[in-house]
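# Examining the three-dimensional arrangement
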Amino acid sequence: MIENTPDMTYISYNHMHKLCQQAAVKLREADKMPDIIVAISGGGLIPARMLRTFLKKENGGKNIPIQAIGLSLYEDLGTDDFKQVIGKQVVKTQWLDLDIINERFGTLLGKKILIVDEVDDTRTTLAYALEELEKEVELAKNSQEEKKHLDTEFSVFVLYNKLKPKKKQLPDYIMDQGRYIVASDVDDSWLCFPYDSTDIDLHTKRATEQGNI
Ligand SMILES: O=P(O)(O)OC[C@H]1O[C@H](OP(=O)(O)OP(=O)(O)O)[C@H](O)[C@@H]1O
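Residues numbered from 1 in each chain as written. Predicted model: local features only at pLDDT ≥ 70, side-chain atom pairs only at ≥ 80, totals over all residues. Heavy atoms only, no water.

The protein chain appears in an unreviewed UniProt entry as Xanthine phosphoribosyltransferase 1 from Hanseniaspora uvarum.

Printed below as a string of structure tokens:
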């Protein structure tokens, strides 16, 4: 059983849900209502889905589609294929299906795309996700000449941003133009998310004690 220590922050589903509700209002007010949400799996899936509920409300009842990409952080120890520890290098485990996107939305070009994750820790994952998605936009410009003039706008939304020195940066056009949207800035503690818990009642009790409800 995980001990409750001061450097562990317990997060409840309710807390995530309410932050998504507030964020949807912020996004509408900032004219950042997305055409497509790109959720970074696994942790980004849950806020993406919660956010969609509130974005729908802010968007006149229109649902915003969620596409999932899978990214995981590993450090390759270089000894054999299986000896890896979490923390350094981002590995793609799932990517956009561009055939389906083109079939369903015509193109990625000209869309407002909101990248969603639950936590910005070292910022490595978000920076990688954005770089790779920007590459997809460049490829789309090459293959869809007639649409290359369309302005594709990326924004990033995270539920929790850890206040700490980051290993990677997001470009200025994200940080300086209100395109990095944080629901909650938090200290650099270990965040315990409800979906990692094996005892949700105890977890929720601890989150409640810490006011994260
Ligand atoms: O800011 P960073 O240091 O890059 O860390 C943040 C990332 O770490 C976690 O993903 P993880 O690789 O643990 O996978 P998961 O979402 O499937 O749990 C989290 O969901 C973020 O995507």
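## Remarks on the overall build of the protein chain
Within the protein chain, the regular secondary structure consists of 6 helices and 8 strands. Element order for the protein chain, N to C, with α for helix and β for strand: β-α-β-α-β-β-α-β-α-β-α-β-β-α. Compactness check: the protein chain gives a C-alpha radius of gyration of 18 Å against a globular reference of 17 Å for 213 residues, within 12% of the reference. The C-alpha extent of the protein chain, read off along each of the three principal axes, is 60 × 50 × 30 Å. Going through the 213 residues of the protein chain one by one, you find that 45% of them count as buried. For the protein chain, restricting intrachain contacts to residue pairs at least 6 apart in sequence, the fraction spanning at least 24 positions comes to 75%. Working note: accessible area of the protein chain is about 11400 Å², and carbon and sulfur atoms make up 49% of it. Between the centroid of the 28 positive side chains of the protein chain and the centroid of its 35 negative side chains there is a distance of 4 Å. (Helix = DSSP H or I, 4+ residues; strand = E, 2+ residues; numbered from the N terminus. Rg over C-alpha atoms; globule rule 2.2 N^0.38 Å. Buried < 20%, exposed > 50% of the residue type's maximum accessible area, 1.4 Å probe, protein only. Contact = heavy atoms within 4.5 Å. Areas by Shrake-Rupley, 256 points an atom, 1.4 Å probe, with all protein chains shown as cover. Lys, Arg positive; Asp, Glu negative; His and termini not counted. Charge placed at Lys NZ, Arg CZ, Asp CG, Glu CD.)

## Focus: helix α3 (residues 98–105)
Among the residues of α3, the N-terminal cap falls to Asp 97, whose side-chain oxygen and the backbone nitrogen of Asp 99 are separated by 3.1 Å. In the stretch just after α3, Gly 106 is the one whose phi turns positive, near 85°. (Polar contact = N/O pair within 3.5 Å; in protein donor to acceptor, adjacent residues only side chain to side chain.)

## With respect to the site of the ligand
The full set close to the ligand counts 14 residues, and Asp 117, Glu 118, Asp 121, Thr 122 and Thr 125 are the nearest of them. Within the backbone of Gly 42, a nitrogen or oxygen atom sits 3.1 Å from an oxygen atom of the ligand. A distance of 2.9 Å separates an oxygen atom of the ligand from a polar backbone atom of Gly 43. Taking 490 Å² as the accessible area of the ligand by itself, protein coverage stands at 77%. With 4 residues, strand β5 (residues 112–120) is the single largest residue contributor to the shell around the ligand. Residue classes in the shell around the ligand are distributed as 3 nonpolar, 6 polar and 5 charged. (Near = heavy atom within 4 Å. Nonpolar A, V, L, I, M, F, W, Y, C, P; charged D, E, K, R; others polar.)

## Some words on the pattern of salt bridges
Tallying each qualifying case throughout the model produces 12 salt bridges. The partner of Lys 141 in a salt bridge is Glu 138, and the shortest N-O contact between them spans 3.6 Å. Here Glu 138 and Lys 141 lie together in helix α4 (residues 124–143), a separation of 3 residues that amounts to about one turn. Between Glu 209 and Lys 205 there is a salt bridge; the shortest N-O distance is 3.2 Å. Here Glu 209 pairs with Lys 205, and both are found in helix α6 (residues 200–209), just 4 residues apart, close to one helical turn. Three or more residues joined by partner-sharing salt bridges are found here, namely Asp 121, Lys 162, Lys 164 and Asp 188. (Salt bridge = Lys/Arg side-chain N within 4 Å of Asp/Glu carboxyl O.)

## What about unusual backbone geometry?
Gly 42 follows Ser 41 through a cis peptide bond whose omega is 0°. Its location among the elements puts Gly 42 in the loop between β2 (36–41) and α2 (45–58).

## Here we look at the pairing of strand β7 (residues 180–186)
Every other side chain in a regular strand lies on the same face of the sheet, so the side chains alternate between the two faces. Counted residue by residue, β7 has 6 buried out of 7 residues, so it is predominantly covered. Summarising the sheet, strand β6 (residues 153–162) and β7 pair through 6 bridges and their orientation is parallel. Looking across to β7, one finds that Val 158 is bridged to Val 182. (Pairing = 2+ DSSP bridges.)

## Topic: the side chain of Glu 132
Inspection of the secondary structure puts Glu 132 in helix α4. When residues no more than four places from it in sequence are discounted, the contact partners of Glu 132 are Lys 92 and Trp 95.

## Considering the packing of aromatic side chains
All chains considered together, the criterion is met by 2 aromatic pairs. Members of the aromatic cluster, each reached through a chain of ring pairs, are Tyr 160, Phe 193 and Tyr 195. Positioned above the aromatic ring of Trp 95 is the side chain of Lys 92, whose terminal nitrogen or guanidinium carbon lies 4.3 Å from the ring centre. One Lys or Arg, Arg 123, reaches over the ring of Tyr 180 and ends 4.8 Å from the middle of that ring. (Phe/Tyr/Trp six-rings, centres within 6.5 Å; stacked < 30°, edge-to-face > 60°. Lys NZ or Arg CZ within 6 Å of the ring centre and 35° of its normal.)

## Considerations on the environment of Leu 163
Among the structural elements, Leu 163 can be located in the loop between β6 and α5 (172–175). When the C-alpha atoms of Leu 163 and Asp 121 are compared, they prove to be 8.2 Å apart, with 42 residues separating the residues in sequence.

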